[in-house]
Amino acid sequence: MRRDRTITPHWYRVKPFAIERSSQFRPAPPPKTTTDFAVLPQILPRVVDVTLYRWEHNVRAATVMGVIGAGGIGLEIMTAFQLFEYREALALILLLLVLVTAINFISKRTRKRFLHAE
């Protein structure tokens, strides 16, 4: 029996296949881009600096929000003042001061490390 190649001219070239291994259709990993070597080292110091600044700002803002009734350490400070628990209020204020100072210290050291690394 002879096949008519005028109707299906290219079908005789098709070879059946089977999947031999699962990695056969897995794409290759993308090549390293200039982002890894050029852009990231340039923006990393600024990103870290802004992140630490926003962290400090959020701690201070949370305290202010707590004072007006939103909860958190500010509410604890106000409650201590209203109950005439001045030692507890002083301890909370000192805790807040230590926390903000620690964030500033970490930010300063990180900023110095990034600026003097260049």
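Basis of the calculations
Residues numbered from 1 in each chain as written. Predicted model: local features only at pLDDT ≥ 70, side-chain atom pairs only at ≥ 80, totals over all residues. Heavy atoms only, no water. Helix = DSSP H or I, 4+ residues; strand = E, 2+ residues; numbered from the N terminus. Contact = heavy atoms within 4.5 Å. Buried < 20%, exposed > 50% of the residue type's maximum accessible area, 1.4 Å probe, protein only. Arc of directions from axis to C-beta. Axes fitted to C-alpha atoms, helices over the stretch in contact; angles between N-to-C directions. Parallel < 35°, antiparallel > 145°, perpendicular 65-115°, else oblique. Left-handed = near helix turned anticlockwise from the far one by under 90°. Nonpolar A, V, L, I, M, F, W, Y, C, P; charged D, E, K, R; others polar.

Here we come to the environment of Ile93. Looking at the secondary structure, you find Ile93 in helix α3 (residues 86-116). Taking the C-alpha atoms as reference, Ile93 lies 7.2 Å from Ile77; in sequence the two are 16 residues apart. Look past the residues within four positions of Ile93 in its chain and what remains in contact with it is Ile77 and Phe81.

Structurally, Thr110 is set in helix α3. By relative accessible area, which is 17% here, Thr110 ends up buried. Beyond its immediate stretch of four places on either side in the chain, Thr110 contacts Val48 and Leu52.

Note: α-helices contain 3.6 residues per turn, so residues at a spacing of three or four share the same orientation. Of the residues making up helix α2 (residues 73-82), those classed as buried are Gly74, Ile77 and Ala80. Looking straight down α2, one finds that the buried residues subtend no more than 125 degrees of arc, so they occupy a single side.

Axis separation between α2 and α3 bottoms out at 8 Å; the angle between their running directions is 155 degrees. With respect to their mutual orientation, α2 and α3 come out roughly antiparallel. Between α2 and α3 lies a crossing of left-handed hand. Counted together, Ile73, Glu76, Ile77, Ala80 and Phe81 of α2 and Tyr86, Glu88, Ala89, Leu92, Ile93, Leu95 and Leu96 of α3 form the full contact between these two elements. Class assignment of the residues belonging to the contact of α2 with α3 gives a composition of 10 nonpolar, no polar and 2 charged.

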